[in-house]
Amino acid sequence: MKLKGSWGSLPAEMRLEILSLLPGRGSSAYASVCDEWRTVIERANFRRLTLTQSCLASFAELHRAEARRAIKHICLRIKLETYGCPDCENIEGVKKRHRNNKVITTAIWRLFSILGSWTRTDSEGLTLEMEVYSASDSKHYFKHLVFGDNEPDLTRVRTSRRHGWINGQLTVRPPCCSILRLFEYVDLSFDQVAQGADLATNQVIIRFLIRRQTRRRFGPACLAKLVSRCSRLEDIHYEHWGYWSKAEQETNDQKLENFLLSHLPHGLRAMTLFEDSNEDYIPDFQDLTPGFPMVDTKTQRIPRPATGAALAQVATNLERLSASFNVDAESFFQAALTQRFQSTTWDRLETLVLTSRLLDPGKASTQHGARALNEMLLSAAATAQMMPKLCLLAIWHGARGSACLFRYHRRPYSCSIQLKGTWLPTLVPSVLQAWTKVARVQTDSKVELEIEYQTISIPIDSHGTAAHYLGLTSLVAHPVSLRQIRREAESIIV
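Residues numbered from 1 in each chain as written. Predicted model: local features only at pLDDT ≥ 70, side-chain atom pairs only at ≥ 80, totals over all residues. Heavy atoms only, no water.

1. A few points about the sheet that holds strand β12 (residues 402-410)
Strand order across the open sheet formed by 12 strands is β1-β2-β3-β6-β7-β8-β9-β10-β11-β12-β13-β14, with mixed pairing between neighbours. In this open sheet, the two strands that pair with only one neighbour each are β1 (48-52) and β14 (449-455). The mean angle between the axes of side-by-side strands here comes to 15°, regardless of whether they run parallel or antiparallel. Where strand β9 (residues 320-324) lies against strand β10 (residues 351-355), 4 bridges are found, and the strand directions are parallel. The residue bridging leucine 321 from the neighbouring strand is leucine 352, located in β10. (Pairing = 2+ DSSP bridges. Helix = DSSP H or I, 4+ residues; strand = E, 2+ residues; numbered from the N terminus. Axes fitted to C-alpha atoms, helices over the stretch in contact; angles between N-to-C directions.)

2. Some thoughts on the packing of helix α9 (residues 246-262) against helix α11 (residues 305-314)
The contact between α9 and α11 brings their axes to 9 Å, and the two run at 15°. The angle between α9 and α11 falls in the class roughly parallel. Considering the relative orientation of α9 and α11, their crossing is left-handed. Within the contact between the two elements, α9 uses Asp253, Leu256, Glu257, Leu260 and Leu261 and α11 uses Ala306, Thr307, Ala310, Leu311, Gln313 and Val314. Its residues assigned to classes, the contact of α9 with α11 comprises 7 nonpolar, 2 polar and 2 charged. (Parallel < 35°, antiparallel > 145°, perpendicular 65-115°, else oblique. Left-handed = near helix turned anticlockwise from the far one by under 90°. Contact = heavy atoms within 4.5 Å. Nonpolar A, V, L, I, M, F, W, Y, C, P; charged D, E, K, R; others polar.)

3. A closer look at the pattern of salt bridges
Applying the stated rule across the entire model yields 26 salt bridges. Of the charged contacts in the structure, one is a salt bridge between arginine 211 and glutamate 131, with a shortest N-O distance of 3.4 Å. Taken together, the positions of arginine 211 in the loop between β6 (205-210) and α8 (220-227) and glutamate 131 in strand β3 (residues 126-134) put the pair 80 residues apart, joining distant regions of the chain. The class of arginine 211 is buried, set by a relative accessible area of 8%. We classify glutamate 131 as buried; its relative accessible area is 2%. A salt bridge links glutamate 488 to arginine 215; its shortest N-O distance comes to 3.1 Å. Of the two residues, glutamate 488 is situated in helix α18 (residues 479-489) and arginine 215 in the loop between β6 and α8; the sequence distance between them amounts to 273 residues. Residues participating in the shared-partner salt-bridge network are Arg48, Arg77, Glu129, Glu131 and Arg211. (Salt bridge = Lys/Arg side-chain N within 4 Å of Asp/Glu carboxyl O. Buried < 20%, exposed > 50% of the residue type's maximum accessible area, 1.4 Å probe, protein only.)

4. As for the environment of threonine 366
Looking at where threonine 366 falls in the secondary structure, it is placed in the loop between α13 (361-364) and α14 (367-384). At a separation of 2.9 Å, a polar atom in the side chain of threonine 366 contacts the main-chain amide nitrogen of glycine 369. (Polar contact = N/O pair within 3.5 Å; in protein donor to acceptor, adjacent residues only side chain to side chain.)

5. Some thoughts on unusual backbone geometry
Of note, the amide linkage connecting cysteine 85 to proline 86 takes the cis form, showing an omega dihedral of 0°. Along the chain, the position of proline 86 falls in the loop between β2 (73-80) and α5 (94-116). Positive phi outside glycine occurs at phenylalanine 325, with the angle close to 75°. Mapped onto the elements of the fold, phenylalanine 325 is located in the loop between β9 and α12 (329-336).

6. Description of the nonpolar core
Residues Phe59, Ile108, Met271, Tyr408 and Trp435 are the most contacted members of the largest nonpolar core, which totals 101 residues. Once you skip the residues sitting within four places of it in the chain, methionine 271 turns out to touch Asp235, Ile236, Leu260, Leu264, Leu311, Val314, Leu318, Arg320, Leu321 and Ser322. Leu470, Ala477, Leu482 and Ile485 belong to the second-largest nonpolar core, a separate cluster that totals 17 residues. (Core = buried A, V, L, I, M, F, W, Y, C linked by side-chain atoms within 4.5 Å.)

7. Details of the side chain of histidine 73
Relative to the assigned elements, histidine 73 resides in strand β2. Overall, histidine 73 belongs to the buried group, its relative accessible area being 12%.

Next up, the structure:
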């Protein structure tokens, strides 16, 4: 019997509302009041967990089913050894690199071992995010970058003439070796950690996330080892950095193609690939190894056509695909129309977002470039007719000084094309006719294709700013990542 005026006599909605007003909501102290309070507080406390390697032993003791089910997002934040001066101006030594890789490997091994003991009843599915950095990374030349939770306030940065920081402004380019130290390779050697045992398979990770603020290179081979152990994986969000060396970039592209064609889980529904870059890092690299074929900052990154073909193959099983800067839309659509895909349909694909160099104003301003752009859009229209569920197709380009977007959007009773950017390409009549046909095929009606033109007059200082003003914030990368790119662009070396 519930006494009048008692806690239990209140309607459930009112009790939840009262709990939501508790000062310092989320404090574990409230959880000890009663089972109901514990359930509500745990749901708030455990929804998003950030775990360092030192937390994993305690996390292994979490046995309560209600607490496990409350977890929706785990961020594994792996903290590496610290370093000082003059090590900040040198690449990581072999012994330290080995120790750091062992720290990374051990932390991942322990977390997967814990989650491997969970069953489907323990979790409806969670996101695993991974971060790797040293606390020293932000203490020397890179005070303006985000590592972990730190949001740098440059107005409070102390002057450090050795590292080029004067009055909150970076006034020199960091040494090449300092940059390379941030971008060391990750080598996951689980056999050394577990004496030959395989990484544990789990049934609870449904989304895998690596954001660009992890500059350590989790290459495609590392990614393959991790996602192959997530039996229910539905979504991969992989932000990585381009390479300074053309030879390294070529090798990594080949590894990415192998990953796409051979290591993706069968149940995957969505994938976001975003290759980041910072042209301010590159100019002095040639001095580090004279004669070595470094990436040319005066020409854009040219993705391999084979990467586009691999993504066209992968997309046949996906609902959402976004790939920026590591693939060119031209090669994707060219591959889709070859004999190899003659009997293929992308019958699940609803959203497709790709980048293309052909939307660079410098390239499209030439007669050859303008013709190539229109031919690519014709190929895109022909491919879109084989995508019956397609609702959004966006092809974009973004760089310092320019932004451009071609977007096809299908709604229940209308279809539209939007051209938006710092410049607007001219579409030949055959392109508009082809996309009108796409709209009518997909809507099974004589719907009129709406055409919208929108010019961006705001200065574009980075690809992150371009994505923001093109309205692609939630489609191409994590919103926090795009915000970081924009903020870092404001810290251009003077």
